[in-house]
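# Observations on chain architecture
Given next are the chains, with one letter for each unit.
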Amino acid sequence: ASLFSPEALLIRYREEYEGDLSISIIIQKEVQAEIFGEVFYPAQHPNYDTNALTEVTALLGMPHDYAEELHPDIYLADANRDLILEKHVTTQEYMYLRESRKSTITGQKGLKRMDISMEWQRRQKLADPYIQDLAMIAKHAADLLDAVVELEWAIEGDQIVILHLRRVEEFKFI
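Residues numbered from 1 in each chain as written. Predicted model: local features only at pLDDT ≥ 70, side-chain atom pairs only at ≥ 80, totals over all residues. Heavy atoms only, no water.

All right, on to the side chain of aspartate 78 then. Looking at where aspartate 78 falls in the secondary structure, it is placed in strand 3 (residues 73-78). For aspartate 78, the side chain forms a polar contact with the main-chain nitrogen of asparagine 80, separated by 2.9 Å. Leaving out residues up to four positions away in the same chain, aspartate 78 has contacts with Thr50, Ala52, Leu83 and Leu85. (Helix = DSSP H or I, 4+ residues; strand = E, 2+ residues; numbered from the N terminus. Polar contact = N/O pair within 3.5 Å; in protein donor to acceptor, adjacent residues only side chain to side chain. Contact = heavy atoms within 4.5 Å.)

See the structure below:
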């Protein structure tokens with residue numbers, strides 16, 4: 001329908017477009033994330049002189065609007081040397097998970113807050129191989145786009161799922 005909207009017809013008329021018409025359909029998978037975070041590549045840090053510095057952040061649970069309340073683990077890696085340079089592990093007392101049933105009020109699946117066991121609260125959230133994989137994925141994306149990139153990612157099962165990729169003007173570690 002959007003191919004034949006008044007705006008689309010007007011644009012084609014003004015541009016004198018006479019080629020084939022096509023439309024894309026975006027299919028988005030609903031992810032049940034166990035861990036999520038962001039990757040910034042290349043990052044800058046006063047203690048490291050490398051053009052492959054990568055910052056990876058990680059929180060347990062689903063991405064949500066309340067992420068600002070929680071403080072993620074922060075890992076610094078060198079994507080060129082497949083090396084983790086620093087780990088800053090934080091305590092996380094709770095996480096958000098997708099509810100299995102739809103709300104009777106909204107008809108949508110929401111997020112529910114779940115407490116994390118004392119044993120898991122202080123653990124490193126993201127295993128080293130995932131940190132290294134995410135650093136390499138971000139490096140490849142930055143090389144392809146010839147830009148600084150920010151990736152939003154999630155782990156579902158044992159798979160890394162890229163949720164969002166965007167160009168960034170410049171990222172500096174604070």
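Structure shown, so let's carry the discussion forward.
This paragraph deals with the sheet that holds strand 7 (residues 148-156). Either a parallel or an antiparallel arrangement is found when strands of a sheet pair, and the pairing is made through backbone hydrogen bonds. In spatial order, the strands read 4-3-2-1-7-8; together these six strands make up an open sheet with antiparallel pairing. A strand with exactly one partner marks an edge of an open sheet, and here the two such strands are strand 4 (83-88) and strand 8 (159-168). Here the strands of the sheet are splayed against their neighbours by 20° on average, with no regard to which way each runs. (Pairing = 2+ DSSP bridges. Axes fitted to C-alpha atoms, helices over the stretch in contact; angles between N-to-C directions.)

The next subject is the nonpolar core. By size, the foremost hydrophobic cluster in this structure holds 25 residues, and its most contacted members are Ile35, Val39, Tyr41, Val56, Leu126, Ile131 and Trp153. When residues of this core are assigned to their parent elements, the largest contribution, six residues, is made by helix 3 (residues 128-145). Of all hydrophobic cores here, the second largest spans nine residues; its members include Val31, Phe36, Tyr96 and Ala154. (Core = buried A, V, L, I, M, F, W, Y, C linked by side-chain atoms within 4.5 Å. Buried < 20%, exposed > 50% of the residue type's maximum accessible area, 1.4 Å probe, protein only.)

To continue, consider the pattern of salt bridges. The final tally for this structure, using the stated rule, is six salt bridges. The partner of lysine 125 in a salt bridge is aspartate 73, with the nearest N and O atoms 2.7 Å apart. Of this pair, lysine 125 sits in the loop between helix 2 (118-121) and helix 3 while aspartate 73 sits in strand 3, and the two are 52 residues apart along the sequence. We note that lysine 125, like aspartate 73, is buried. Close ionic contact of arginine 123 with glutamate 119 constitutes a salt bridge, the shortest N to O distance being 2.7 Å. (Salt bridge = Lys/Arg side-chain N within 4 Å of Asp/Glu carboxyl O.)

Turning to a nonpolar patch on the surface, a few remarks are in order. On the surface, Phe4, Leu9, Tyr17 and Leu21 cluster together into a nonpolar patch covering about 400 Å² of accessible area. On the secondary structure map, leucine 21 appears in the loop between helix 1 (6-15) and strand 1 (35-41). (Patch = residues over 30% accessible without salt bridge, like charges linked within 9 Å, V, L, I, M, F, W, Y side chains within 5 Å. Areas by Shrake-Rupley, 256 points an atom, 1.4 Å probe, with all protein chains shown as cover.)

Before going further, it helps to examine the environment of glutamate 34. Among the secondary structure elements, glutamate 34 is positioned in the loop between helix 1 and strand 1. Setting aside residues up to four positions removed in sequence, glutamate 34 forms contacts with Leu59, Leu60, Gly61, Ile155, Glu156 and Gly157. Separated by 2.9 Å, the side chain of glutamate 34 and the backbone nitrogen of glycine 157 make a polar contact.

Here the bond from tyrosine 41 into proline 42 is cis, since omega is -15°, no more than 30 degrees from zero. The residue proline 42 is located in the loop between strand 1 and strand 2 (53-60) in this model. Positioned with a positive phi, aspartate 82 is a non-glycine residue whose angle comes to about 50°. Here aspartate 82 is to be found in the loop between strand 3 and strand 4. Notably, aspartate 146 is not glycine yet its phi reads approximately 50°, a positive angle. For aspartate 146, the position within the fold is in the loop between helix 3 and strand 7. For aspartate 146, a relative accessible area of 72% translates into the label exposed.

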